[in-house]
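# Understanding the architecture of this molecule
Listed here are the chains, written in short residue letters.
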Amino acid sequence: MIVLGIETTCDETAAAVVERQADGRGRILSNIVLSQTDAHAAFGGVVPEIAARAHVEVLDGIVAEALGQAGVSLDRVDAIAAAAGPGLIGGVIVGLTTAKAIAMVENKPLIAVNHLEAHALTARLTDATPFPYCLFLASGGHTQILAVRGVGDYVRIATTMDDAIGEAFDKTAKLLGLGYPGGPQVEKEAAHGNPSRFALPRPMQHRKEADFSFSGLKTALRLEAEAVAPLSDGDVADLCASFQQAVVDVVYDRLRAGLRIFRAQHGAPSALVVAGGVAANQAIRIVLQTLAGEEKMPLVAPPPELCTDNGAMIAWAGAERLALGLTDTLDVAPKARWPLDEVAAARGRKLNTAAYK
Ligand code: KG4
Ligand code: ZN
């Protein structure tokens, strides 16, 4: 089956065409992402109104490009999927309304995808990872450890008490006068800095529950930066390296606690999976690889371009839902807030007609 996916929840306008083969494996036929970074850079963050207008201006063209590059016309598409939240509501409305219009005109099923569910299922597109697996969802808006037990069956094991992990990177970049988005900039600076120059805390370390907190780390970093200001290039690199090292240590410790909880509640996971924009960070990928090795399970880390927001993950989540007969009606509402553990579970059973002969 072939699904068109549309993503407009934040500052990427994206569309993709993905095929789900009969054996359940995925194939990306096209994946077009237009980042609005330049439009927001001057403001040091995403401006919702600018984002929504930009989505309106370019989405039609992006969808046409995705179909064109895939060499697929709309009549060969089996369903239209769009991210229906969570995210900036103006953008979500643009993407979902466009998907509804296409679905109505072409008389195809509509699938309203949870953006977090799409991140969560990407490992099955890239690696056909079997359920259940332990997911570390690390993005600009979320920091969660989840048990992914099936399509629509997500149990939250841990979350953040304050900032999301990507948000902590972004705010650190802003404090130090680096560009937006901050994560990649902090990583670039950290590469030539000294990670042990500044002694920063590792919040929540050694706690039995697996939750995260970043506010204490941010405060400590700000105080260190204020103490050495005005900052030289070397100071900025050392602050970034020290910050990133603290985050890496926290990720290792919290995921170890999370895996312990996973085993106790859900049995052995098939893999440790990482998703979301922060999963593009090489230092974080390396520490997760170390942890997965120690825990004797594979690490599934999709390529960076499938970790950050994209249309392929929406199309794939749509295909996984379509395969289970989970489609939506045209009156489905866009949602600014939509926690993953509130996504409707895959109810009912599929008919096994092959065996009924
Ligand atoms: O998943 P995503 O593209 O958007 C959502 O938040 O849903 O994640 C974006 C976040 C931003 O906070 C960005 O700074 C962070 O991911 N990020 C990174 C890196 N690349 C993106 N953080 C650390 N290191 C990176 N290389
Ligand atoms: Zn995202």
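Residues numbered from 1 in each chain as written. Chains lettered and ligands numbered in written order. Predicted model: local features only at pLDDT ≥ 70, side-chain atom pairs only at ≥ 80, totals over all residues. Heavy atoms only, no water.

### Things to note about the confidence of the model for the chain
Scored by pLDDT, the chain has a mean of 94; 96% of the residues are at 70 or more. Throughout residues 346-351 the model reports pLDDT below 50, and contacts reaching past four residues in sequence, or to other chains, amount to six contacts. (pLDDT = per-residue confidence, 0-100. Contact = heavy atoms within 4.5 Å.)

### As for the site of ligand 1
For ligand 1, the set of nearby residues contains 19 residues, the closest of which are G140, D170, G183, E187 and G277. Taking H119, its side chain carries an N or O atom lying 3.4 Å from an oxygen atom of ligand 1. At 2.9 Å, a backbone N or O of G277 approaches an oxygen atom of ligand 1. Elements supplying a minimum of two residues to the shell around ligand 1: α4 (115-127), α5 (165-175) and α6 (182-190). If one sorts the elements of the shell around ligand 1 by residue count, α6 sits on top with four residues. Its residues placed into classes, the shell around ligand 1 shows four nonpolar, 12 polar and three charged. (Near = heavy atom within 4 Å. Polar contact = N/O pair within 3.5 Å; in protein donor to acceptor, adjacent residues only side chain to side chain. Helix = DSSP H or I, 4+ residues; strand = E, 2+ residues; numbered from the N terminus. Nonpolar A, V, L, I, M, F, W, Y, C, P; charged D, E, K, R; others polar.)

### Structural notes on the coordination of the zinc ion (ligand 2)
In this structure, H115 (NE2), H119 (NE2) and D309 (OD) serve as the protein donors to the zinc ion (ligand 2), at separations of 2.1 to 2.2 Å. Each donor residue of the zinc ion (ligand 2) belongs to the same chain, and together they define the spacing H-x3-H-x189-D. With H115 and H119 both in helix α4, this residue pair falls four residues apart, about one helical turn. With respect to class, H115 is no different from H119; both count as buried. (Donors = N, O, S within 2.8 Å, 3.2 Å for Na, K, Ca; no water. Buried < 20%, exposed > 50% of the residue type's maximum accessible area, 1.4 Å probe, protein only.)

### Observations concerning the sheet that holds strand β7 (residues 143-150)
In a beta sheet, neighbouring strands are held together by backbone hydrogen bonds and run either parallel or antiparallel to one another. Strand order in the open sheet made by the five strands is β8-β7-β6-β9-β10, with mixed pairing throughout. Sheet topology places β8 (153-158) and β10 (299-300) at the edges, where each strand pairs with a single neighbour. Where strand β9 (residues 272-275) and β10 come together, two bridges link them in parallel fashion. Directly across from V273, in β10, lies its bridge partner V300. (Pairing = 2+ DSSP bridges.)

### Notes on the nonpolar core
Core analysis: the largest hydrophobic core is formed by 61 residues, its most contacted members being L4, V63 and L135. Examining the composition of this core, we find that eight residues originate from one element, helix α11 (residues 311-323), more than from any other. In this structure, L4 is in contact with A16, V17, V63, L67, L74, V77, A79, I80, A81, I102 and A315, ignoring residues within four places of it in sequence. Formed by 51 residues, the second largest nonpolar core is a distinct cluster that contains A158, L255, L259 and C307. (Core = buried A, V, L, I, M, F, W, Y, C linked by side-chain atoms within 4.5 Å.)

### What to know about helix α8 (residues 233-266)
Two residues of an α-helix separated by three or four positions point the same way, owing to the 3.6 residues in each turn. When the terminal C-alpha atoms of α8 are compared, their 47 Å separation across 34 residues agrees well with the 50 Å that a helix rising 1.5 Å per residue should span. In terms of residue burial, α8 counts as a mostly covered element, since 24 of its 34 residues are buried. The positive-phi residue at the C-terminal boundary of α8 is G267, with phi of around 85°. (Expected span 1.5 Å × (residues − 1).)

### Considerations on the sheet that holds strand β1 (residues 2-7)
One open sheet holds the five strands; their spatial order is β3-β2-β1-β4-β5, and the pairing between them is mixed. This sheet does not close on itself; its edge strands, each paired only once, are β3 (26-35) and β5 (110-114). For this sheet the average axis-to-axis angle between neighbouring strands, irrespective of direction, equals 20°. As paired elements, strand β4 (residues 79-85) and β5 share five bridges and run parallel to each other. (Axes fitted to C-alpha atoms, helices over the stretch in contact; angles between N-to-C directions.)

### A few points about the pattern of salt bridges
Evaluation of the coordinates by the stated rule reveals 15 salt bridges. Residue E320 pairs with R124 through a salt bridge whose shortest N-O separation is 2.7 Å. Pair noted here: E320 is in helix α11 and R124 is in helix α4, with a separation of 196 residues, a long-range link. The same class applies to E320 as to R124, namely buried. Across the pair R149 and D153 runs a salt bridge whose closest N-O atoms are separated by 3.3 Å. Under the relative-accessibility criterion, D153 is labelled partly exposed at 26%. Linked through salt bridges whose partners overlap, the residues forming this network are D163, E167, K171 and K218. (Salt bridge = Lys/Arg side-chain N within 4 Å of Asp/Glu carboxyl O.)

### What to know about the environment of G87
Looking at where G87 falls in the secondary structure, it is placed in the loop between β4 and α3 (89-106). By relative accessible area, which is 24% here, G87 ends up partly exposed. Placed 251 residues apart in sequence, G87 and W338 show a C-alpha to C-alpha distance of 8.6 Å. The contact partners of G87, leaving out residues within four places of it in the chain, are T9, V92, K335 and A336.

### Let's talk about helix α7 (residues 215-228)
Between its first and last C-alpha atoms α7 spans 20 Å; for 14 residues at 1.5 Å apiece the expected length is 20 Å, and the two agree. Turning to α7, its buried residues number three or more, namely L217, A220, L221 and A225. Angular distribution of buried residues about the axis of α7 spans 135°; they occupy a single face of the element. Contact partners of the buried residues in α7: α5 and α8. (Arc of directions from axis to C-beta.)

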